[in-house]
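Descriptive structure summary
Here are the chains, one letter per residue:
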Number of protein chains: 4
Amino acid sequence: MIVVLHPGRSEEEIQRVASRVESLGLKAHVIVGTERTVVAAVGSQRRDDDREALERLDEVDKVVPILAPYKVASRETKPEPSVVQVRDLVFGGGHIGVVAGPCSVESEEQIIETAHRVKAAGATGLRGGAFKPRTSPYAFQGLKEEGLKLLAAARDETGLAVVTEVMTPEHVELVGKYADVLQIGARNMQNYHLLQAVGETKTPVLLKRGPSATMDEFLLAAEYVLDQGNQQVVLCERGVRTFESHTRFTLPLATVPYLQERTHLPIVIDPSHGTGIASLVPSMCRAAVAVGCDGLLLEVHPNPAEAVSDAAQTISPDTFATIMDECRKIAGVLGRTVDGQA
Amino acid sequence: MIVVLHPGRSEEEIQRVASRVESLGLKAHVIVGTERTVVAAVGSQRRDDDREALERLDEVDKVVPILAPYKVASRETKPEPSVVQVRDLVFGGGHIGVVAGPCSVESEEQIIETAHRVKAAGATGLRGGAFKPRTSPYAFQGLKEEGLKLLAAARDETGLAVVTEVMTPEHVELVGKYADVLQIGARNMQNYHLLQAVGETKTPVLLKRGPSATMDEFLLAAEYVLDQGNQQVVLCERGVRTFESHTRFTLPLATVPYLQERTHLPIVIDPSHGTGIASLVPSMCRAAVAVGCDGLLLEVHPNPAEAVSDAAQTISPDTFATIMDECRKIAGVLGRTVDGQA
Amino acid sequence: MIVVLHPGRSEEEIQRVASRVESLGLKAHVIVGTERTVVAAVGSQRRDDDREALERLDEVDKVVPILAPYKVASRETKPEPSVVQVRDLVFGGGHIGVVAGPCSVESEEQIIETAHRVKAAGATGLRGGAFKPRTSPYAFQGLKEEGLKLLAAARDETGLAVVTEVMTPEHVELVGKYADVLQIGARNMQNYHLLQAVGETKTPVLLKRGPSATMDEFLLAAEYVLDQGNQQVVLCERGVRTFESHTRFTLPLATVPYLQERTHLPIVIDPSHGTGIASLVPSMCRAAVAVGCDGLLLEVHPNPAEAVSDAAQTISPDTFATIMDECRKIAGVLGRTVDGQA
Amino acid sequence: MIVVLHPGRSEEEIQRVASRVESLGLKAHVIVGTERTVVAAVGSQRRDDDREALERLDEVDKVVPILAPYKVASRETKPEPSVVQVRDLVFGGGHIGVVAGPCSVESEEQIIETAHRVKAAGATGLRGGAFKPRTSPYAFQGLKEEGLKLLAAARDETGLAVVTEVMTPEHVELVGKYADVLQIGARNMQNYHLLQAVGETKTPVLLKRGPSATMDEFLLAAEYVLDQGNQQVVLCERGVRTFESHTRFTLPLATVPYLQERTHLPIVIDPSHGTGIASLVPSMCRAAVAVGCDGLLLEVHPNPAEAVSDAAQTISPDTFATIMDECRKIAGVLGRTVDGQA
């Protein structure tokens, strides 16, 4: 940390700050500048609490952290990119795994048909919500365990890996019985008991970024899972909330290369939630592949206009097949592969 | 809802949209404009799902909802403002209840001393975290049940109502044994299982706004609690995340009068989290009282620089007493009262 | 417009609103809903002023506009996409024009070398700031007319079209003497006198989106130029300001397909300002081409670390050549072309 | 500046960075940490350009500035708060100057009546737009010089100081003939030619914050004016653009105490633009006074619903009088004064 003092502090005051720094187990270097004096606090210090305690001193103007607050997720800890694989679904290592399916599991017919259609187009993962977090208590909340069983049935028929959301710690065991990948939704990115609960399993976790989470907060949420011993974490950028209201969220694709410089975890893009508008999904899928993502998560429904939830952002199986085709071509010229690529 | 069609749609296409509207149990009025045709969908319709299904039709450009999506929280349902009271702590009805205390309960001495000091300055509520949601898994996570017991001890000594956070459904019973008010933190505003769990109790709930929640989302989160039968909900504005990084969050005080026009629930302001900077807290408390809030939530510690968490935004008991004094004067000239007012 | 009334309004009050609507030259349709009454105001009405006047009536809760506020920029006015061309630089019609060069023109040697290098890699446009808008009055403000002359010299040597910024109406004539395309910077997107001044010329205009401009505001800024008779307007997305501070701005590529549905004007992406970090530029260029943009604007300097401005986001000529290569491959598989493509 | 190196850099690489720092005229202190090495660059360095040049070095991870980028506006340069006065209008020194009037000057009758009404309620300043920056080219653009003459006539009748906007450098002389205070609108906060032009006059300047300007950018814009020799600058917070769309902008009152710690310039609040909703204006005025602002800027019209622009956020003279009354009471108990206070 760099502790910046207010201007005009006396030698004694500077020493008081230096002592406080050393009381935290850090080494203090005082640098007297032309206008400001700073105290560099040296050590393996990542605690926000210590930063704030120093910030609170009367002599101190601000404290600038130097080290990233996360550790296990960092490329400094593990330089080579991680690959997360379950069944035929692979995220990372130059391959883009594709997970497609409806927002909500609605019926056996709907999920089985969707599974066959997305598999035919190349997907290796099937998404579908059984427990649904809904903004309104009056909206459809999912088929719950019945939905999980239908997902498992679809997997039995197609071999697709099932990705589905778990909303609360007490459901982790139940959802884990049916799911190949446990999804943590954006609203729950900082639900720490839930993160710890999925961290205690051996099931891969797909962690969605909260709509106003910073990169540090996102990686620290992953760190909660990793810290419990579960190393199979996939990050998912699904858009952030900004002043832009013409799209449902603002989807910042620069997240992919930015995170790849800092973490070894694979990064998936969700253009369905990221835009909220079906007509924008194909071009944003192409862009996501071109930017270098490790996976795609997409809402596909046999009849989008009849989808019970997220209809506005859901694409048809035909559109999905076209997207897969274009994405494979782009990946091809960049030396990467997408599901279904020969 | 108002369904806006793309330009140049045929009579037949317009009818297709009207039929779809009626298939949702709504009455369709077609209005042919000079440039656009719109279909007004009349009925008590609040479901996002239906809106999105219409939006997905090829003929449709966009759908504009007319009714607010929340109902029980609305002043249309209950025009007179609600008052929430527990022990001597009162939110609403022209009175501003004040809840003060440390970010985290750290020790018996710390919480008892704080309780005496804030009570002496007039507060009727004591805050303090026993279960702490922390951005980093490496930060202090609270004293847990031991912390709850210390809060209860402080209440026994002072009579202050205890406000403390519950983070996960399985802790609701435990925290409820000690707390007078169950706080739902900003990170959990859309943790629906938790909202339902506290909605099933008879304990008042203080619901903090998520840092990127819209007003509708905030009131729908309250609706989750109300819908379970618990009518004692207090809303808390604690700042939103914006491009401004000089303060920890951006605290929009206009939330207070805006919400008061729409909901009967009391509204509390948290200037500690709303600014993140102790030196800004006194002036923002004055402003919150002047704007017409129903309560204040403040971080106070006997020795702020030694606080184990949130030190940067924590004020001393002396500063707190000065704030209370100024707030009482402002409330006085506006015909309202603050805790401790004669 | 749809005028939504407060609940419980009398027949007389409804009529008062309808009369006010008709006083604005619009036809009023009253629709009595189960909970709310709305008045549909029919006519070619785009004026915010009228919307606000209705919103101000006591009976009115809110007013929802139906028509887009822009007209000439709209695809409803001109369905086929526009192509803007000057010298060999072409934006649109399936072709991606590339403009590259330094943030600031620094010296003859620098700009001539850059021009040769970017031309060799395929670019048809040369960017370079002569009049520089700088956040600080103490930063380098550009070589001014001397810089314009150097740009013209570089054009004479290479044939590249010169794109350079004009900051104030009184410079339009001067800059126009040297520039092939007049750039309006993000800070000046709503400098209406400047927009009108460039609208009065016959020189193509590259209009950058302001960092907090909505899509409607962006297209209305273009409308200011179009309205003066200059139809050669190119839009440039260069990132918006959000809570994300790890990148300089947040670059929302969904702007491209979103705008393409609404306007016929070509859309260029600026990944240099959009990210602010040189290492993120190559992947975001690939993504911009994949998403379907009509052009790229890039900061390139023979020795980025020595650039007098924007060093952190500037790439080298070698990196630029690699980017061009990758972009051509991606465009190729999508049936589009990038500068330098056979 | 603190230059943070990537991990694992060799002694030679560290020296290369230190040399580059010294080549900028700064003194380099190398601090070898447990995980990272940092180079502290000591000197009176405020240039972004230098920071970016260092950031661009391969060895460097990031550069953290220590000194604020502005100087003349800073309290370090001038510790005592500045007071700006013209006629009876005073901003600062414990007094809150109030400027009220219509969005646009519409007619002699309208502006004269408004002037008398706001003066009667205590205001000492009259606002009114003659040159109007409008988002749409089709909206009313103001009465131009005729409007200025009407403002001057209103001043002659009432003695109120006239505050009106100047939009472009070539109008500075013209507007300066009639105005007592030159207003720079939010859209023009970074129109540097305009800032320099008003900086060359002796007329006080009211500088509005851009809707996505950071505090540093805001103060640097002021610095452009101050740097030209005009020391009479008043800052105006009028709301920022965030994801919140229920109000027109988000009005962060914490700007006032935050800026007061850093600058000596007076700070005015504009609750009309800051909320965009007339019913929220009174409570936000009270809050602005309670938070400690040095002035208020308000849109008042004899008949708000008939205002040709900004009707939705404009209040009546009666509401204005009530606001003034409440504000005087609040200022009174805080030992401050508002216009009209005995």
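Now for a description of the structure that goes with this document. Note that the structure is predicted; figures quoted are calculated from it, not measured.

Quick look at the relation of the copies chain C and chain A now. The transformation that overlays chain C on chain A combines an axial shift of 0.0 Å with a rotation of 180 degrees, and the residual RMSD is 0.0 Å. In symmetry terms, the pair is related by a two-fold rotation axis. Relative to the rotation axis, the closest C-alpha in chain C is found at A287(C), a distance of 2.1 Å. Mapped onto chain A, 100% of the interface residues of chain C are again interface residues, and the two copies thus contact each other with one and the same surface.

A separate point is the pairing of strand β12 (residues 233–237) of chain D. Residue and element names in this part refer to chain D. Within β12, five of the five residues are buried, leaving the element largely enclosed by the surrounding structure. In this view, the connection linking strand β11 (residues 205–208) to its parallel neighbour β12 by way of helix α7 (residues 215–227) has right-handed handedness. Handedness of the crossover is the feature at issue here: the chain leaves β12, passes through helix α8 (residues 255–262), returns alongside strand β13 (residues 267–269), and the resulting connection is right-handed.

Looking now at the interface of chain B and chain A. Note: interface size is frequently given as the accessible area lost on complex formation between the parts. With 52 residues of chain B at the interface, the matching set in chain A holds 52 residues. Between chain B and chain A, the buried area comes to about 4,400 Å², and carbon and sulfur atoms account for 49% of it. Our count for the contact surface shared by chain B and chain A stands at six salt bridges. Between R134(A) and D49(B) there is a salt bridge, with its nearest N and O atoms 2.3 Å apart. Counting across the interface, chain B meets chain A through 31 residue pairs in polar contact (both at pLDDT 80 or more).

Residues and elements named next belong to chain C. Of note, K78 is situated in the loop between β4 (60–64) and β5 (84–86). Distance in space between the C-alpha atoms of K78 and S107 is 43 Å, their sequence separation being 29 residues. Within the structure, K78 has its side chain in polar contact with the side chain of S82 (distance 2.7 Å).

Here the focus is the sheet that holds strand β4 (residues 60–64) of chain B. Residue and element names in this part refer to chain B. Spatially, the four strands line up as an open sheet ordered β2-β3-β1-β4, and their pairing is antiparallel. Two strands bound the open sheet, and with one partner strand each, they are β2 (27–32) and β4. Within the sheet, the average angular offset between the axes of one strand and its neighbour, ignoring direction, is 20 degrees. Inspection of the sheet shows β2 paired to strand β3 (residues 37–42) by six bridges, in the antiparallel sense. When the sheet's bridge partners are listed, K27 is paired in β3 with V42. Seen against the sheet, helix α1 (residues 11–23) touches β1 (2–5), β2, β3 and β4 and runs at an angle of roughly 155 degrees to β2.

For the rest of this paragraph, the subject is the sheet that holds strand β1 (residues 2–5) of chain A. Residues and elements named next belong to chain A. Pairing in this open sheet of four strands is antiparallel, and the strands run β2-β3-β1-β4 from one edge to the other. Looking at which strands have only one partner, the edges of the open sheet turn out to be β2 (27–32) and β4 (60–64). Across this sheet, the average inter-strand angle for adjacent strands is 20 degrees, counted without regard to direction.

To continue, consider unusual backbone geometry. Located in the positive-phi region is D310(A), a residue other than glycine, with phi close to 55 degrees. Overall, D310(A) belongs to the buried group, its relative accessible area being 7%. Although it is not a glycine, K144(B) sits at a positive phi angle of roughly 55 degrees. Within the element layout of this structure, K144(B) appears in the loop between β8 (125–127) and α4 (145–158).

Rules and cut-offs
Residues numbered from 1 in each chain as written. Chains lettered and ligands numbered in written order. Predicted model: local features only at pLDDT ≥ 70, side-chain atom pairs only at ≥ 80, totals over all residues. Heavy atoms only, no water. Least-squares fit on C-alpha atoms with pLDDT ≥ 70 in both. Contact = heavy atoms within 4.5 Å. Buried < 20%, exposed > 50% of the residue type's maximum accessible area, 1.4 Å probe, protein only. Helix = DSSP H or I, 4+ residues; strand = E, 2+ residues; numbered from the N terminus. Right-handed = clockwise from strand over helix to strand, strands pointing away. Buried area = accessible area lost by both parts, 1.4 Å probe. Salt bridge = Lys/Arg side-chain N within 4 Å of Asp/Glu carboxyl O. Polar contact = N/O pair within 3.5 Å; in protein donor to acceptor, adjacent residues only side chain to side chain. Pairing = 2+ DSSP bridges. Axes fitted to C-alpha atoms, helices over the stretch in contact; angles between N-to-C directions.

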